[in-house]
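Listed below, chain by chain, are the residues.
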Amino acid sequence: MNISWDTFERHRQKGLDARRAGQWDSAKVYLLEAARSILQLSKQAQSDELRQARRDMAKRLLDLAKDCDRAKQQNRRPPSASRRPDSAAESDRDAGADA
């Protein structure tokens, strides 16, 4: 099955949005799906550099998904609720760039 970049991007964005909202279960599902998608895309990459970058991205997404489990167990509040608006937006922007 071929995965498109749009599919990956949609799952990634939904995962990050759910994470920001504190919807840990939904976020985990979407982030895992995004990781699976980008891993599939890495297999189609033309260069070793692109392949490795996509694998690194998959690892970061998996780390975020694992953090969702920890957040749920710790009854953690959504990131945006525990930070100032400026720092939350900056953090989300950084997470999106990493992912």
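Before reading further, recall that the structure is shown in the block above.
Cut-offs used in this document
The residue numbering used here restarts from 1 in each chain and proceeds along that chain's sequence as written. Given that the model is predicted, a residue must reach a pLDDT of at least 70 before its local features are reported, and side-chain atom pairs must reach 80 or more before they are shown or counted; all residues, however, enter totals for whole chains, interfaces and linings. Neither water nor hydrogens contribute to the side-chain values; these are computed over all heavy atoms in the structure. A run of H or I in DSSP becomes a helix once it reaches four residues, and a run of E becomes a strand once it reaches two; helices and strands are each numbered from the N terminus. Classification of residues uses two cut-offs on accessible area relative to the type maximum, computed with a 1.4 Å probe and protein chains only: under 20% is buried, over 50% is exposed, and between them is partly exposed. Residues count as neighbours in contact if any of their non-hydrogen atoms are within 4.5 Å of one another. Surface accessibility follows the Shrake-Rupley procedure with a 1.4 Å probe radius. Residue values consider only the protein chains on display as shielding. Definition used in this section: a nonpolar core is a set of buried Ala, Val, Leu, Ile, Met, Phe, Trp, Tyr and Cys residues joined via side-chain atoms within 4.5 Å. A pair is scored as a salt bridge if a Lys or Arg side-chain nitrogen falls within 4 Å of a carboxyl oxygen belonging to Asp or Glu. To obtain an axis, a line is fitted to C-alpha atoms, over the contacting stretch when the element is a helix, and the angle between two such axes runs from 0 to 180 degrees between their N-to-C directions. For classification, angles of less than 35 degrees are called roughly parallel, those exceeding 145 degrees roughly antiparallel, those between 65 and 115 degrees roughly perpendicular, and all remaining angles oblique. Less than a right angle of anticlockwise turn of the near helix away from the far helix marks a crossing as left-handed, whereas a clockwise turn marks it as right-handed. Following the grouping adopted for this structure description, the nonpolar residues are Ala, Val, Leu, Ile, Met, Phe, Trp, Tyr, Cys and Pro, the charged ones are Asp, Glu, Lys and Arg, and the polar ones are all others, Gly among them. Take the number of residues in a helix, subtract one, and multiply by 1.5 Å to get its expected span. The arc refers to the directions leading from the helix axis to the C-beta atoms.

S.K.: Explain the overall build of the chain to me, please; I cannot follow it from the model alone.
M.R.: In terms of helices and strands, the chain carries five helices and zero strands. Within the chain, buried positions represent 32% of all 99 residues. Put simply, 66% of the contacts in the chain that link residues at least 6 apart link residues at least 24 apart. When the accessible area of the chain is evaluated, it comes to approximately 6300 Å², of which 47% is carbon and sulfur surface.

S.K.: Can you help me understand the nonpolar core in this one?
M.R.: Counting 18 residues, the largest nonpolar core has Phe 8, Leu 31, Ile 38 and Leu 61 as its most contacted members. Taken together, the elements giving at least two residues each to this core come down to α1 (5-20), α2 (24-43) and α3 (48-73). When sequence neighbours within four positions are dropped, the list of residues in contact with Ile 38 reads Trp 5, Phe 8, Arg 54, Met 57, Ala 58 and Leu 61.

S.K.: Where do I start with the pattern of salt bridges in this structure?
M.R.: Oppositely charged side chains may form a pair once their charged atoms are brought near each other. Across all of its chains, the model carries 10 salt bridges by this definition. Salt-bridge contacts for Lys 72 lead to Asp 25; the nearest nitrogen and oxygen are separated by 3.0 Å. One end of the pair, Lys 72, is in helix α3; the other, Asp 25, is in helix α2, and 47 residues separate them in sequence. Asp 67 is the partner of Arg 70 in a salt bridge, and the nearest nitrogen-oxygen pair spans 3.5 Å. One end of the pair, Arg 70, and the other, Asp 67, are both in helix α3, three residues apart, so they sit about a helical turn from each other.

S.K.: How should the side chain of Ser 42 be read in this particular structure?
M.R.: Residue placement: Ser 42 occurs in helix α2. Every residue in contact with Ser 42, bar those within four places of it in the chain, is listed here: Arg 51, Arg 54 and Arg 55.

S.K.: For this particular structure, what's the right way to read the packing of α1 against α3?
M.R.: Any two packed helices are characterised by how steeply their axes cross, that is the angle between the axes, and by the distance between the axes. At a closest axis distance of 11 Å, the pairing of α1 and α3 adopts a crossing angle of 30°. Here α3 runs roughly parallel to α1, going by the angle between their axes. Handedness of the α1/α3 crossing: left-handed. Of the residues in α3, those in contact with Trp 5, Phe 8, Arg 12, Leu 16 and Arg 19 of α1 are Arg 54, Met 57, Leu 61, Leu 64, Asp 67 and Cys 68. The class makeup of the residues in the contact of α1 with α3 is seven nonpolar, no polar and four charged.

S.K.: Where do I start with α1 in this structure?
M.R.: Owing to its 3.6 residues per turn, the α-helix brings residues three or four apart onto one side. The end-to-end C-alpha separation of α1 is 22 Å, in line with the 22 Å expected for 16 residues at 1.5 Å each. Thr 7, Phe 8, His 11, Arg 12, Gly 15, Leu 16, Ala 18 and Arg 19 are the residues of α1 that are buried. One side of α1 holds all its buried residues, which, seen down the axis, span an arc of 165°. Positive phi appears at Gly 22, one or two residues downstream of α1, with a value of about 80°.

These figures come from the coordinates and say nothing about function on their own.
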